[in-house]
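Observations on the three-dimensional arrangement
What follows is each chain in one-letter form.
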Amino acid sequence: MDYKNAGVDIEAGYKSVELMKEHIKKTMRPEVLTNIGGFSGAFSMEKFKSMEKPTLVSGTDGVGTKLKLAFVMDKHDTVGIDCVAMCVNDIACAGGEPLFFLDYIACGKNIPEKIATIVSGVADGCAQSDAALIGGETAEMPGFYPEDEYDLAGFAVGIVDEKDLITGANIKEGDVLVGIASSGVHSNGFSLVRKVFKMEKEVLDTYYEELGKTLGEALLAPTKIYVKTLRTIKEAGVTIKGCSHITGGGFYENVPRMLPEGVRAVIKKDSYEVPALFRMLAKEGDIEEKIMYNTYNMGIGMVLAIDPADVDKTREAIAAAGETSYVIGHIENGEKGVTLC
C-alpha cells in the first residue's frame, strides 16, 4: 500500500504545478520576489513607501455552486476569473489596488491538465486586475470530493493610502448613484438558479434568441472585474464617496453597506433595462421581484455614490474603460437603507 493506492497522486501534483507555470507567468509584477513552487510567496512593499499611510486591504471568497455548471458543461477555464473577481472587486470597493492573489483548489482527483485549465482562468482574472498570482494550493482529497468535482476559493491583498480609503462617511443627501453594468449573474444565487433550470447538458446547451447565446454560456459568463474601471475614474479626478459591490444579498443587503447613518439610497428600477437572463430566471422560477433584487445584481455589478458635479466625468471615465454605466438613483436623508421604486 502507498499514497497513490490511497487515492493521492503526488506525481500528478508535480505535473499540475509545471503545467500552470506558463499561465502564472503572465501575472507577474516587479514586486514579486519568489517563484511558484516555494513554501510561500514574497512581495516587496518598497514601491509603496511614498504613501503617507500605506494600508493593506484584503478579500477572500469562492465561486460557490456556479461550479456545478462548469462540471456539467465540462468547461473550467473561466471559473478562476470568478474567484479572482469576487476578491479583488471587494478590495477595489475600498479604493485599494490589488497586489497579489493566492488560490485554493480542492479536488477528488488531481488531473493535471484540468487543474492547469482552472488556474489559467485564475491567471486571466489576475491579469485583468493587475494582481500577481504568487502562490496557491491544490489539495487532492479522495473520498471527500467526487473524482470529477472540485472546489475553488482564494484571497487577495491590496494596498491604499489611508486618506484614499472609500468609506462612505461623506455621502450626503443629493449625491448621485451610478451603476456599472454586470456581465450576468456573476457568482451569487446559483443555488436558486439550479432549482429553476435543470443542470443537464441538453438544457444548458439550448440557444435562446433573447440571450444571443446558449443558457449555459449566459450563466457561466465570468464575473466582471471592475478594478481598472475604478482606477480610471480616480485618474479622471473623481472622488468616489461610496462603492458597493452587488454580490450575495443583491441590492437590499449590499447598497446599505456603503452608507453612513442618516441617509438612504433611492434606486429607480426603470433607470436601465434589466438583462434578459434575469427576466427569464424570474419568469421560469416564478420568483417575485423583491426576491430577485434581494438575490441577484439584476444587471448592475457595482454602485457608486458621487457628487452630482462629477456625474458626467464619472460616466465618461467608465466608458473610456470599456464599460456601460447608468444613473440609477440618488441619496436622501432618512433611515439608513435602500428604497427600490
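Note: the structure precedes this text.
Before going into details, it helps to say that this report is about the structure given with it. Since we're looking at a predicted model, the values are computed, not measured.

**A few points about the overall build of the protein chain**
Of regular secondary structure, the protein chain possesses twelve helices and twelve strands. In terms of overall dimensions, the protein chain is globule-like: its C-alpha atoms have a radius of gyration of 21 Å, near the 20 Å expected for 341 residues. For the protein chain, the C-alpha atoms occupy an extent of roughly 70 × 55 × 30 Å along the three principal directions. Residue burial in the protein chain is summarised as follows: out of 341 residues, 51% are buried. Considering only intrachain contacts with a sequence separation of at least 6, the fraction spanning at least 24 residues in the protein chain is 85%.

**Examining the layout of surface pockets**
What the largest pocket holds in volume is close to 680 Å³. Breaking the lining of the largest pocket down by element, the ones donating at least two residues are α1 (10–24), β2 (97–107) and β3 (132–140). If you tally residues by element for the lining of the largest pocket, the top one is α1, at eight residues. When grouped by side-chain class, the residues that make up the lining of the largest pocket number twelve nonpolar, eleven polar and five charged. Its boundaries defined by the atoms lining it, the second largest pocket holds a volume of some 550 Å³.

**Details of the nonpolar core**
Counting 91 residues, the largest nonpolar core has Leu219, Phe251 and Leu304 as its most contacted members. No other element matches the ten residues that helix α3 (residues 79–93) contributes to this core. Counting nine residues, the second-largest nonpolar core is a separate cluster that includes Phe48, Phe100, Ile134 and Ile159.

**Considerations on the sheet that holds strand β9 (residues 263–267)**
In space, the six strands of this open sheet follow the order β8-β10-β5-β11-β9-β12, with mixed pairing throughout. Two strands bound the open sheet, and with one partner strand each, they are β8 (242–245) and β12 (337–340). Each strand axis lies, on average, 25° off the axis of its neighbour in the sheet, ignoring direction. In this sheet, strand β10 (residues 300–306) lies alongside strand β5 (residues 176–181) in antiparallel orientation, the contact comprising six bridges. Across the sheet, the residue bridging to Gly179 is Val303, located in β10. Contacting β8 and β10, α3 crosses the sheet at an angle of about 165° to β8.

**Observations regarding the packing of aromatic side chains**
For the coordinates displayed, the defined rule picks out six aromatic pairs. Centroid distance Phe71 to Tyr150: 5.0 Å. Interplanar angle 75°. Geometry classified as edge-to-face. Residue Phe71 is found in helix α2 (residues 67–73), and its partner Tyr150 is found in strand β4 (residues 150–161); the two are separated by 79 residues along the sequence. You'll find Phe71 and Tyr150 in the same group, each marked buried. Consider the rings of Tyr272 and Tyr326, whose centres lie 5.4 Å apart with planes at 35°: the pair is tilted. Of this pair, Tyr272 sits in the loop between β9 and α10 (276–285) while Tyr326 sits in strand β11 (residues 325–333), placing them 54 residues apart in sequence. The exposure class assigned to Tyr326 is partly exposed, which follows from its relative accessible area of 24%. Over the face of the ring belonging to Tyr252 we find Lys290, whose NZ or CZ atom lies 5.3 Å from the ring centre.

**Overview of the environment of Phe48**
Along the chain, Phe48 falls in the loop between α1 and β1 (54–62). Phe48 sits in the buried class, given a relative accessible area of 5%. The spacing of Phe48 and Ile159 is 111 residues in sequence and 8.5 Å in space, taken between C-alpha atoms.

**Re the packing of α1 against helix α4 (residues 112–129)**
Interhelical geometry of α1 versus α4 gives an angle of 30° and a closest axis separation of 8 Å. Viewed along their axes, α1 and α4 adopt a mutual orientation that is roughly parallel. The handedness of the crossing between α1 and α4 is right-handed. Taking contact as the criterion, the partners of Ala12, Lys15, Ser16, Leu19, Met20, His23 and Ile24 in α1 are, on α4, Pro112, Glu113, Ile115, Ala116, Val119, Ser120 and Ala123. Considered class by class, the residues forming the contact of α1 with α4 number nine nonpolar, three polar and two charged.

**Thoughts on the side chain of Asn297**
Following the sequence through the fold, Asn297 ends up in the loop between α11 (289–293) and β10. With near-sequence residues (within four places) excluded, Asn297 lies in contact with Ser182, Gly184, Val185, His186, Ile246, Phe251, Tyr272 and Phe278.

**Side note on the pairing of β4**
Of all twelve residues that make up β4, nine are buried, and the element is covered over most of its length. As defined by bridge partners, β1 adjoins β4 across nine bridges and the pair is classed as antiparallel. The residue of β4 that forms the bridge with Gly62 is Ala153. Summarising the sheet, β2 and β4 pair through ten bridges and their orientation is antiparallel. Residue Phe101 lies in a different strand from β4, and its bridge partner there is Ala156.

The rules behind the values
- Residues numbered from 1 in each chain as written.
- Predicted model: local features only at pLDDT ≥ 70, side-chain atom pairs only at ≥ 80, totals over all residues.
- Heavy atoms only, no water.
- Helix = DSSP H or I, 4+ residues; strand = E, 2+ residues; numbered from the N terminus.
- Rg over C-alpha atoms; globule rule 2.2 N^0.38 Å.
- Buried < 20%, exposed > 50% of the residue type's maximum accessible area, 1.4 Å probe, protein only.
- Contact = heavy atoms within 4.5 Å.
- 1 Å grid on protein atoms, 1.4 Å probe; cavity = no way out; pocket = protein on both sides within 12 Å on 5 of 7 lines; lining within 4 Å.
- Points joined across faces, edges and corners; volume = space filled by probe spheres on them.
- Nonpolar A, V, L, I, M, F, W, Y, C, P; charged D, E, K, R; others polar.
- Core = buried A, V, L, I, M, F, W, Y, C linked by side-chain atoms within 4.5 Å.
- Pairing = 2+ DSSP bridges.
- Axes fitted to C-alpha atoms, helices over the stretch in contact; angles between N-to-C directions.
- Phe/Tyr/Trp six-rings, centres within 6.5 Å; stacked < 30°, edge-to-face > 60°.
- Lys NZ or Arg CZ within 6 Å of the ring centre and 35° of its normal.
- Parallel < 35°, antiparallel > 145°, perpendicular 65-115°, else oblique.
- Left-handed = near helix turned anticlockwise from the far one by under 90°.

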